[in-house]
Amino acid sequence: MAPMRRMRSENVCSYWGYDAVNDSSIVNQKVERIKAAIGIKDYDRPPVVALAEFWPTTLIGKYTMQEVFYDIDKLGECYIEAFKQFPDWDSFGAVLYSLGPMLDATGSKRYSIPGQTISADTDFQHPDLVLMDNKDYPKLIEDPVKFQVQDIIPKLCTKLAAPEPARSKALIKAAMYYSQWVMKQGMYTRRWRDELGVPALFQGTAIYMPMDWIADKLRGFMNALMDIKRIPATVQEACEALIPFISQVGFSTAVVGGDYPLLFNPQHVSPFISPKDYEKCYWPSYKKVLDGFFDKGYRVYSLLEGCQEQHLEKLQELPKGKIVLQFEKSDLKLVKKYLGGRVCVAGGMPGSLLVKGTPEEVKSCTLEVLDLFADVGGFIMTCDMLLPTNAKPENIRAWLDTVVNYR
Amino acid sequence: MLKPIVENLANLEEEMTIELVEKAFAEGKSVQEVLDQCKQGMEIVGQRFDAGEYFLADMMLSADIFARVTEIAKNLLEEGKKTEGVGKVLLATVKNDIHYLGKNLVASMLRAFNFEVVDLGEDVEADVICAGIKEHRPDIVGFSCLLTIGFDSMEDTIKRIEEIGLRDSVKIIVGGAPVTESVAKQVGADAYGSDASDAVRKCLQLLGV
């Protein structure tokens, strides 16, 4: 059944009461399973999902990382082949991150690109860029959009700092690549769902919470952590000022009308700060951004990187049934104690085990985690990190088979 | 009762610590005495990190404060009177991985605990690491990675070190977000550092300190 289409600005709350199980298609069963997990409702078994960018490139072995980084159709083809081999995912957060042409058009330094600064066979990576001085906080606080357009983008994208008409040409070229990219991501997402039975996990772009935005996009990671320690009040003010911008990024890219309006939010800063610093510099703006999305009927999937056991008590304040929290290194037994049955918990499969373990070890780990959450529900089994490009196929098979047959 | 420098560094009071250190030097206290107090402060920071009271941002601030103190102290030391280090550690993020945050933090913490650190950078080839071992003769070699593709690079590098006959001359420690104790064993390392504080502890253990 084709997904219902709605206007972007419309409140999407009705999706959560929308009864999609009016036929017995596998996709609808999967979708219902995911919705039940998010809403902490009864399901036949926990869904199994994964998040990935370039995972199938190595699995299929037809192209280099450089080739797929520059050609979205090659990456899309790898995903099609991968989903033919592994159709049992209940949902998949696949981003076709073939941004090479767009990055080249703007002269962006945002990523280390395969075949340029790193080997052609290596996944793209995020260098820690420092684009903003600590003296610039007042400008950021006064007008975050103006500051980023005038001060940050020219530093990040060399071709957008060029004199006219070169600048406009670069901008037009990048916009063309971008619109093509958005169109193709949508096309492949529909094919994976309708032809291969793997629905998309997320809508729109990844949303960075204000403190993560400051660390990842502006100040550089280490500087941002030191700012939290040295100038917390200023950082807090900057986070507050960024809320409308961050919310707008989410609203404008999340195309309403998929199976469930779930937005992806990776968090990098929170594992490295104390509850006291979290309370001051992270939580207030995180909560306000979340509330804005919840009010419009969206749900949010926060990937809490690293170990975040120190924040579990605070996270109990999140509303029931509106958020998924994926954990990487936090102890899931502890997570269950604080959050089990209150918010949907995701995680449980260590990426290192998929790479270095055996199918027997993977099966045993899967059963242990599924048993742990059997009595509270609200659990999504997933890899604790992006699905590693070098995960062993036999381990993925063992993982999926174990979850699918779990009752 | 803790001495003021120890207490202020342990409490991450940056400006007060620097002020006290400058005052101590002005009053004629020896470099060794002041640095010893700072190390005591750093040890308390490490204990609070282990106890879950401090987190990485706190550790980084403490390492920054310590670096400021050593910078002041360096200017007071006469040439040839450098303090003796605990040992020498060669660090690198392995081939195909450009991430440096964890490695740099380990470097800062090791320096704060009086190790001499040689940092070869990121995305470092096995042969460059082998050449680094020959040139710098470290006691310990530390590898970091943020990506699972780094596991193979770590394993290949350790094999290469074995092939050229240098494996017995160094201890090898590995760490990084996806690395586990089990991965460390599989790639052939001697130790695994689960975080910066643990890495320092393991390095001290490897040297029998």
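Residues numbered from 1 in each chain as written. Chains lettered and ligands numbered in written order. Predicted model: local features only at pLDDT ≥ 70, side-chain atom pairs only at ≥ 80, totals over all residues.

(A) Structural view of the overall build of chain B. What chain B contains, in helices and strands, is 9 helices and 5 strands. For chain B, the N- to C-terminal ordering of α and β elements is α-α-α-α-β-α-β-α-β-α-β-α-β-α. Within chain B, buried positions represent 50% of all 209 residues. Put simply, of all contacts in chain B between residues at least 6 apart along the chain, 73% involve residues at least 24 apart. (Helix = DSSP H or I, 4+ residues; strand = E, 2+ residues; numbered from the N terminus. Buried ≥ 20, exposed ≤ 12 C-beta atoms within 10 Å, placed from the backbone. Contact = placed C-beta atoms within 7 Å.)

(B) Just the overall build of chain A, in detail. The secondary structure content of chain A amounts to 17 helices and 7 strands. In terms of overall dimensions, chain A is globule-like: its C-alpha atoms have a radius of gyration of 21 Å, near the 22 Å expected for 407 residues. When each of the 407 residues of chain A is scored for burial, the buried share is 47%. Nonlocal contacts in chain A, meaning residues at least 24 apart in sequence, comprise 72% of its contacts between residues at least 6 apart. (Rg over C-alpha atoms; globule rule 2.2 N^0.38 Å.)

(C) Spatial organisation of the interface of chain A and chain B. Every contact between the two is made by 28 residues of chain A and, on the other side, 23 residues of chain B. Breaking the side of chain A that touches chain B down by element, the ones donating at least two residues are α10 (221–230) and α15 (351–356) of chain A. Looking at the side of chain A that touches chain B residue by residue, the classes come out as 12 nonpolar, 11 polar and 5 charged. (Nonpolar A, V, L, I, M, F, W, Y, C, P; charged D, E, K, R; others polar.)

(D) Spatial organisation of the pairing of strand β5 (residues 323–327) of chain A. Residues and elements named next belong to chain A. Where burial is concerned, most of β5 is hidden: 5 out of the 5 residues are buried. By the alternation rule, side chains of β5 split into Ile-323, Leu-325 and Phe-327 and Val-324 and Gln-326, which are all buried. Pairing analysis gives 5 bridges linking strand β4 (residues 299–304) to β5, with the strands arranged parallel. By the bridge assignment, Leu-304 is partnered in β5 with Phe-327. (Pairing = 2+ DSSP bridges.)

(E) Structural view of α10(A). Summarising burial for α10(A): 7 of the 10 residues are buried, a large majority. For α10(A), the full list of buried residues reads A:Phe221, A:Met222, A:Ala224, A:Leu225, A:Asp227, A:Ile228 and A:Lys229. Where α10(A) is buried, its residues contact α9 (210–219), α11 (232–253) and α12 (275–295) of chain A together with α4 (56–76) and α5 (101–112) of chain B.

(F) Seen up close, the pairing of strand β1 (residues 88–93) of chain B. All names here are of chain B. With 5 of its 6 residues buried, β1 lies for the most part within the structure. The sheet contact formed by β1 and strand β2 (residues 116–119) spans 4 bridges and is parallel. In the strand pairing of β2, Val-89 is matched with Val-117. With α5 bridging β1 and its parallel neighbour β2, the resulting β-α-β unit is right-handed. One ladder, built from 5 bridges, connects β1 with strand β3 (residues 140–144); its direction is parallel. Within β3, the position partnered with Thr-93 by the bridge is Ser-144. (Right-handed = clockwise from strand over helix to strand, strands pointing away.)

(G) Structural context of the nonpolar core. Membership of the largest hydrophobic core comes to 180 residues, with the highest contact counts inside it found for A:Leu263, A:Leu325, A:Cys344, A:Val345, B:Met109, B:Leu110 and B:Val174. Excluding residues that lie within four positions of it along the chain, A:Leu263 makes contacts with A:Phe202, A:Gln203, A:Gly204, A:Ile207, A:Gly250, A:Ala254, A:Phe293, A:Tyr298, A:Val300 and A:Tyr301. (Core = buried A, V, L, I, M, F, W, Y, C linked by C-beta atoms within 7 Å.)

(H) Main features of the domain arrangement of chain B. Residues and elements named next belong to chain B. Looking at the assigned domains, one finds that chain B contains domain 1 (4–76) and domain 2 (88–206). Using only C-alpha atoms to locate each centre, domain 1 and domain 2 end up separated by 27 Å. The interface of domain 1 with domain 2 comprises 10 residues on the first partner and 7 residues on the second. Here the side of domain 1 that touches domain 2 takes 6 residues from α4, the largest share from any one element. Looking at the side of domain 1 that touches domain 2, its residues break down into 8 nonpolar, 1 polar and 1 charged. (Domains from an automatic or database assignment.)

(I) Inspection of the packing of α11(A) against α12(A) at higher detail. Residue and element names in this part refer to chain A. It is at 9 Å that the axes of α11 and α12 come closest, and there the two elements cross at 20 degrees. Between α11 and α12, the crossing angle belongs to the class labelled roughly parallel. As α11 packs across α12, the resulting crossing turns out to be right-handed. From α11, Pro-232, Val-235, Gln-236, Cys-239, Glu-240, Leu-242, Ile-243, Ile-246, Ser-247 and Gly-250 reach across to α12, where they touch Lys-280, Cys-281, Ser-285, Lys-288, Val-289, Gly-292 and Phe-293. Taken together, the residues of the contact of α11 with α12 break down into 9 nonpolar, 5 polar and 3 charged. (Axes fitted to C-alpha atoms, helices over the stretch in contact; angles between N-to-C directions. Parallel < 35°, antiparallel > 145°, perpendicular 65-115°, else oblique. Left-handed = near helix turned anticlockwise from the far one by under 90°.)

(J) Geometry of unusual backbone geometry. Cis peptide bonds are those with omega within 30 degrees of zero, and the linkage from A:Glu164 to A:Pro165 qualifies with 5 degrees. With respect to the element layout, A:Pro165 can be found in the loop between α7 (144–156) and α8 (166–196). At B:Leu12, a position not held by glycine, the phi torsion is positive, near 60 degrees. As for its position among the elements, B:Leu12 is in the loop between α1 (4–10) and α2 (14–26). Positive phi is not limited to glycine here, since B:Asn96 has a value of about 75 degrees. Mapped onto the elements of the fold, B:Asn96 is located in the loop between β1 and α5.

(K) Up close: the sheet that holds strand β4 (residues 171–175) of chain B. Residues and elements named next belong to chain B. Spatial ordering of the open sheet is given by β2-β1-β3-β4-β5, a layout of 5 strands whose pairing is parallel. Both outer strands of the open sheet, β2 and β5 (191–193), are each paired with one neighbouring strand and no more. Across the sheet, the axes of successive neighbouring strands diverge by a mean angle of 25 degrees, strand direction being ignored. Together, β1, β2 and β3 form the strand contacts of helix α6 (residues 126–136), whose direction differs from that of β1 by roughly 165 degrees. Those strands touched by helix α9 (residues 196–206) are β1, β3, β4 and β5, and its axis lies near 165 degrees from that of β4.

(L) Structural detail: the environment of A:Ser108. Residue and element names in this part refer to chain A. Summarising the element assignment, Ser-108 is placed in the loop between α5 (100–106) and α6 (137–142). What makes Ser-108 partly exposed here is the crowd of 18 C-beta atoms within 10 Å. Taking C-alpha positions, Ser-108 is 5.6 Å from Leu-156, a pair spaced 48 residues apart along the chain. When neighbours within four sequence positions are excluded, Ser-108 is seen to be in contact with Leu-103, Leu-156 and Cys-157.

(M) Representation of the sheet that holds strand β3 (residues 262–267) of chain A within the structure. All names here are of chain A. The strand order across the open sheet built from 5 strands is β3-β4-β5-β6-β7, with neighbouring strands paired in parallel fashion. The open sheet has two edge strands, β3 and β7 (379–383), and neither has a second partner. When the angles between neighbouring strand axes are averaged without regard to direction, this sheet yields 25 degrees. Along the sheet face, helix α14 (residues 332–339) touches β5 and β6 (344–349) and points at about 170 degrees away from the line of β6.

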